[in-house]
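Coordinate analysis (summary)
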Amino acid sequence: MIDVFSKAQSAASFIRGKSSVQPAVGIILGSGLGNFATHVEGAVRIPYGDIPHFPQSTVVGHSGHLVLGHIGGVAVAVMQGRVHAYEGYDMNQVTFPTRVLGLLGCRTLVVTNAAGGIRSSLAQGSIVAISDHINLTGTNAALGPNEPRFSVVAGGGQRFFDMSDAYSLRLRTLAIEEAVRQEFLLTEGVYLAVLGPSFETPAEIRAFRTLGADLVGMSTVHEVIVARHMGLEVLGLSLVTNMAAGVPAFGRDTADQIDHEEVMEIGRRVEKQFTCLLTALVPQIVFRGSAESAKGAENKS
Ligand code: HPA
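What comes next concerns the included structure. Bear in mind that the values here come from a model prediction, so they are computed numbers and not experimental data.

**Comments concerning the layout of surface pockets**
Taken as a whole, the largest pocket holds about 500 Å³ of empty space. Considering the residues around the largest pocket, the lining is formed by 25 residues, among which Asp-3, Val-4, Phe-5, Asn-92 and Phe-150 are closest to the centre. Within the residue set of the lining of the largest pocket, elements represented by two or more residues are α1 (4-18), α2 (91-94), α3 (96-104) and α6 (221-230). By residue number, the principal contributor to the lining of the largest pocket is α1, which donates three residues. Here the residues of the lining of the largest pocket are counted per class, giving 13 nonpolar, six polar and six charged. Along the walls of the second largest pocket sit 22 residues, with Ser-31, Tyr-86, Phe-199, Met-218 and His-260 positioned nearest its centre. Those elements giving two or more residues to the lining of the second largest pocket turn out to be β5 (108-117), β8 (215-217), β9 (233-243) and α7 (260-287). Element by element, the count of residues in the lining of the second largest pocket is highest for β5, at four residues. Taken together, the residues of the lining of the second largest pocket sort by class into nine nonpolar, 11 polar and two charged.

**Section: the pattern of salt bridges**
The full count for this structure, using the stated rule, is seven salt bridges. We note a salt bridge from Arg-119 to Asp-214, for which the minimum N-O separation is 3.4 Å. Here Arg-119 is found in the loop between β5 and β6 (127-135), whereas its partner Asp-214 is found in the loop between α5 (202-211) and β8, with 95 residues between them in sequence. Looking at Asp-214, the relative accessible area reads 14%, which means it is buried. Residues participating in the shared-partner salt-bridge network are Asp-3, Glu-147 and Arg-149.

**Topic: the site of the ligand**
Lining the immediate surroundings of the ligand are Ala-114, Ala-115, Gly-116, Phe-199, Glu-200, Val-216, Gly-217, Met-218, Thr-241, Asn-242 and Val-263. In the model, a nitrogen atom of the ligand is placed 3.4 Å from a nitrogen or oxygen of the Ala-114 main chain. Interatomic distance of 2.8 Å between a side-chain N/O atom of Glu-200 and a nitrogen atom of the ligand. In this structure, the ligand is accommodated by the second largest pocket. Going through the elements one at a time, β5, β8 and β9 are the ones with two or more residues in the shell around the ligand. A total of three residues in the shell around the ligand trace back to one element, the largest contributor, which is β5. Tallied by class, the residues present in the shell around the ligand amount to six nonpolar, four polar and one charged.

**Thoughts on empty space enclosed by the protein**
Inspection of the entire model under this criterion finds one cavity of 30 Å³ or more. In terms of lining residues, the largest cavity is bounded by 14 residues, among which Val-94, Met-218, Ser-219, Thr-220 and His-222 are the most central. It is α6 that contributes the most residues to the lining of the largest cavity, three residues altogether. Its residues placed into classes, the lining of the largest cavity shows seven nonpolar, five polar and two charged.

**Here we look at the packing of aromatic side chains**
Within this structure, the stated rule accounts for four aromatic pairs. Ring geometry for Tyr-48 and Phe-54: centres 5.0 Å apart, planes at 55°, overall tilted. In this structure, Tyr-48 and Phe-54 share a single accessibility class: buried. Taken together, the aromatic side chains of Tyr-48, Phe-54 and Phe-96 make up a single cluster linked through ring pairs. Cation over ring: Arg-99 sits above Phe-150, and NZ or CZ is 4.1 Å from the ring centre.

**Digging into unusual backbone geometry**
A cis amide bond links Gly-196 with the next residue in sequence, Pro-197, at an omega value of 0°. The topology assignment puts Pro-197 in the loop between β7 (187-193) and α5. Of note, the phi angle at Glu-183 is positive, near 65°, even though the residue is not glycine. Checked against the element boundaries, Glu-183 lands in the loop between α4 (169-181) and β7. Phi at Thr-220 is positive, roughly 75°, even though this residue is not glycine. By secondary structure assignment, the location of Thr-220 is in the loop between β8 and α6.

About the criteria used
- Residues numbered from 1 in each chain as written.
- Predicted model: local features only at pLDDT ≥ 70, side-chain atom pairs only at ≥ 80, totals over all residues.
- Heavy atoms only, no water.
- 1 Å grid on protein atoms, 1.4 Å probe; cavity = no way out; pocket = protein on both sides within 12 Å on 5 of 7 lines; lining within 4 Å.
- Points joined across faces, edges and corners; volume = space filled by probe spheres on them.
- Helix = DSSP H or I, 4+ residues; strand = E, 2+ residues; numbered from the N terminus.
- Nonpolar A, V, L, I, M, F, W, Y, C, P; charged D, E, K, R; others polar.
- Salt bridge = Lys/Arg side-chain N within 4 Å of Asp/Glu carboxyl O.
- Buried < 20%, exposed > 50% of the residue type's maximum accessible area, 1.4 Å probe, protein only.
- Near = heavy atom within 4 Å.
- Polar contact = N/O pair within 3.5 Å; in protein donor to acceptor, adjacent residues only side chain to side chain.
- Sits in = over half its atoms within 2 Å of the grid points.
- Phe/Tyr/Trp six-rings, centres within 6.5 Å; stacked < 30°, edge-to-face > 60°.
- Lys NZ or Arg CZ within 6 Å of the ring centre and 35° of its normal.

So, in structure tokens, the structure goes:
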């Protein structure tokens, strides 16, 4: 059986054969946010199905393309859609694209998602910078034998690794400052991950609030765990597509049902704001950066 590292290497070398772009920043686009990829300059679009070992999303609204190109002069690799554990994929499959982004040279990972709002001051359509997470999916992406060859950044690839600054303070600060420039309020929040695919019950949401969660969703934490295992710096952005079950929302009865179409519709509505924020942030991530991200910038072609 081929090990995950070798599979990720062969996926990365296939991608290198399709584009000479050496990405410094990897971006994973969640439900309803896939259109951001159309803003990549000089884009080369590779269907996931063409890339060796790449898992394919079965979820409506996840287009399934890896897009390589530039944003504001920075080489990027954008994943238009992701796979989730609730689709039946195992942890190695869910995190495989993130591993490949690391091997392609990304030093920063921007993960985005659609989430339900738990904190009642959040509104449908708001963008939140993830400050931390609570993983209630019942599993961990780094499960199994450790693979030290995934040490993409010096110090990465450890069996036990720190998660106390998983969502980089530096990147959160850049995002909040950029939102101020763009005249909207970007608050921070704790993202709690469930396995799904059922949405939560109101009792679960009450319990999650007690635990300290502001947002709930079915993705992200596994990608962030392997990104941190590799030593990447992470920025997480959630789009509040709906208030979570039982949480009052303006114009909506708490008994109203949550549906995936609503998630997609809100994504489309907030797309412009999201795109403006991320397009402005990408160059700052690299050029107003740490030593590591400055190294990543040298990769830009
Ligand atoms: N719960 C879980 N995942 C989600 C939600 C939600 O309310 N909205 C979007 N993704």
